[in-house]
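Below, each chain spelled out in residue letters.
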Amino acid sequence: MPKCFAPLRVLALVAGLVPLPVFADMPLTYVSDGKALFHLSAPDFWQVRSGGLRALKPPGSEEARLINRVIGFEPEAEPGVWVGFMSPNGVSTFAQAEEYLRNIGKSVVSDPELREQSRIRVGGLPAARYAGTGRRNGRAVAFTAVLVDLPGKRVAISLAVVEAGARPELVEDINAIYASFRAAN
């Protein structure tokens with residue numbers, strides 16, 4: 001694996017496997033249909049944006065894909081790093097989440113090449129992790145997709161994308177985001 005992707009590989013191996021001290025300080029709650037589904041925290045000096053339902057067209061396609069509410073994180077000083085979380089209505093199994101991710105994934109990462117997949121735990125819940133490489137806005141990226149089995153027949157879908165050459169210390173912030181993940185009760 002190219003050296004520039006090594007930091008994200010560390011993210012993929014650490015997220016959900018090793019309890020980490022949580023350095024993320026701004027608490028957030030993902031709400032769908034008036035019900036809290038999960039909580040997480042944003043690191044200091046990261047921008048948080050959320051958006052509701054919208055349709056996106058993958059590059060080179062005329063077919064729009066419906067995207068549910070997304071909470072997105074970006075470090076203020078490095079726009080080539082992005083982490084997003086969502087929980088689409090009607091997605092209640094890993095198989096459905098994988099299909100949803102396949103449908104929207106090309107809007108986030110083009111030419112994806114899956115390199116690793118494993119079962120892990122995130123916030124004490126069963127999760128699946130998929131790591132690979134691709135391109136975003138013409139630049140090489142590493143990505144990690146994480147699917148978390150939530151209570152109540154829902155699945156949280158997360159995607160972390162890091163451009164080649166990003167500062168390795170940002171992986172600590174990304175790991176803090178994943179370490180802060182908890183299902184709402």
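Scroll up to find the structure.
Residues numbered from 1 in each chain as written. Predicted model: local features only at pLDDT ≥ 70, side-chain atom pairs only at ≥ 80, totals over all residues. Heavy atoms only, no water.

(A) Molecular detail of helix 3 (residues 170–179). Of all 10 residues that make up helix 3, eight are buried, and the element is covered over most of its length. Along helix 3, the positions that sit buried rather than exposed are Leu 170, Val 171, Ile 174, Asn 175, Ala 176, Ile 177, Tyr 178 and Ala 179. (Buried < 20%, exposed > 50% of the residue type's maximum accessible area, 1.4 Å probe, protein only. Helix = DSSP H or I, 4+ residues; strand = E, 2+ residues; numbered from the N terminus.)

(B) Seen up close, the nonpolar core. If you look at the biggest cluster of nonpolar residues, it comprises 50 residues, and the most contacted ones within it are Phe 38, Phe 73, Phe 85, Leu 147, Val 148, Leu 150 and Phe 181. Setting aside residues no more than four positions away along its own chain, Phe 73 makes contact with Leu 28, Leu 40, Ser 41, Ala 42, Trp 46, Gln 47, Val 48, Val 81, Trp 82, Val 83, Phe 85 and Ile 177. (Core = buried A, V, L, I, M, F, W, Y, C linked by side-chain atoms within 4.5 Å. Contact = heavy atoms within 4.5 Å.)

(C) Just the sheet that holds strand 9 (residues 125–136), in detail. An order of 3-6-7-11-10-9-8 is seen for the seven strands of this open sheet, with the pairing classed as antiparallel. The open sheet has two free edges, formed respectively by strand 3 (46–51) and strand 8 (110–122), since each of these has just one partner strand. Between one strand axis and the next, the sheet turns through 15° on average, direction left out of account. Both strand 10 (residues 139–150) and strand 11 (residues 154–163) contribute to a ladder of 10 bridges, which runs antiparallel. (Pairing = 2+ DSSP bridges. Axes fitted to C-alpha atoms, helices over the stretch in contact; angles between N-to-C directions.)

(D) Broad picture of the layout of surface pockets. In this structure, the second largest pocket spans a volume of roughly 360 Å³. As for the second largest pocket, its lining consists of 13 residues, and the residues nearest its centre are Leu 101, Arg 102, Pro 112, Leu 114 and Phe 143. Considering each element in turn, the lining of the second largest pocket owes the most residues, five residues, to helix 2 (residues 94–108). Here the residues of the lining of the second largest pocket sort into eight nonpolar, one polar and four charged. (1 Å grid on protein atoms, 1.4 Å probe; cavity = no way out; pocket = protein on both sides within 12 Å on 5 of 7 lines; lining within 4 Å. Points joined across faces, edges and corners; volume = space filled by probe spheres on them. Nonpolar A, V, L, I, M, F, W, Y, C, P; charged D, E, K, R; others polar.)

(E) Geometry of the packing of aromatic side chains. Enumeration according to the criterion identifies six aromatic pairs in this entry. When the centroid spacing of 5.5 Å and the interplanar angle of 50° are considered together, the rings of Phe 85 and Tyr 178 count as tilted. Residue Phe 85 is located in strand 7 (residues 81–86), and its partner Tyr 178 is located in helix 3; the two are separated by 93 residues in the primary sequence. By relative accessible area, which is 2% here, Phe 85 ends up buried. By relative accessible area, which is 3% here, Tyr 178 ends up buried. (Phe/Tyr/Trp six-rings, centres within 6.5 Å; stacked < 30°, edge-to-face > 60°.)

(F) Broad picture of the pattern of salt bridges. Taken as a whole and assessed by the stated rule, the structure comprises seven salt bridges. Of the charged contacts in the structure, one is a salt bridge between Arg 167 and Glu 78, with a shortest N-O distance of 3.0 Å. Residue Arg 167 is located in the loop between strand 11 and helix 3, and its partner Glu 78 is located in the loop between strand 6 (70–75) and strand 7; the two are separated by 89 residues in the primary sequence. The salt bridge partner of Glu 169 is Arg 167, with a shortest N-O separation of 2.9 Å. Residue class for Glu 169 comes out partly exposed when judged on its relative accessible area of 41%. Three or more residues joined by partner-sharing salt bridges are found here, namely Glu 78, Arg 167 and Glu 169. (Salt bridge = Lys/Arg side-chain N within 4 Å of Asp/Glu carboxyl O.)

So far we have only geometry, and geometry alone does not tell us how the molecule works.
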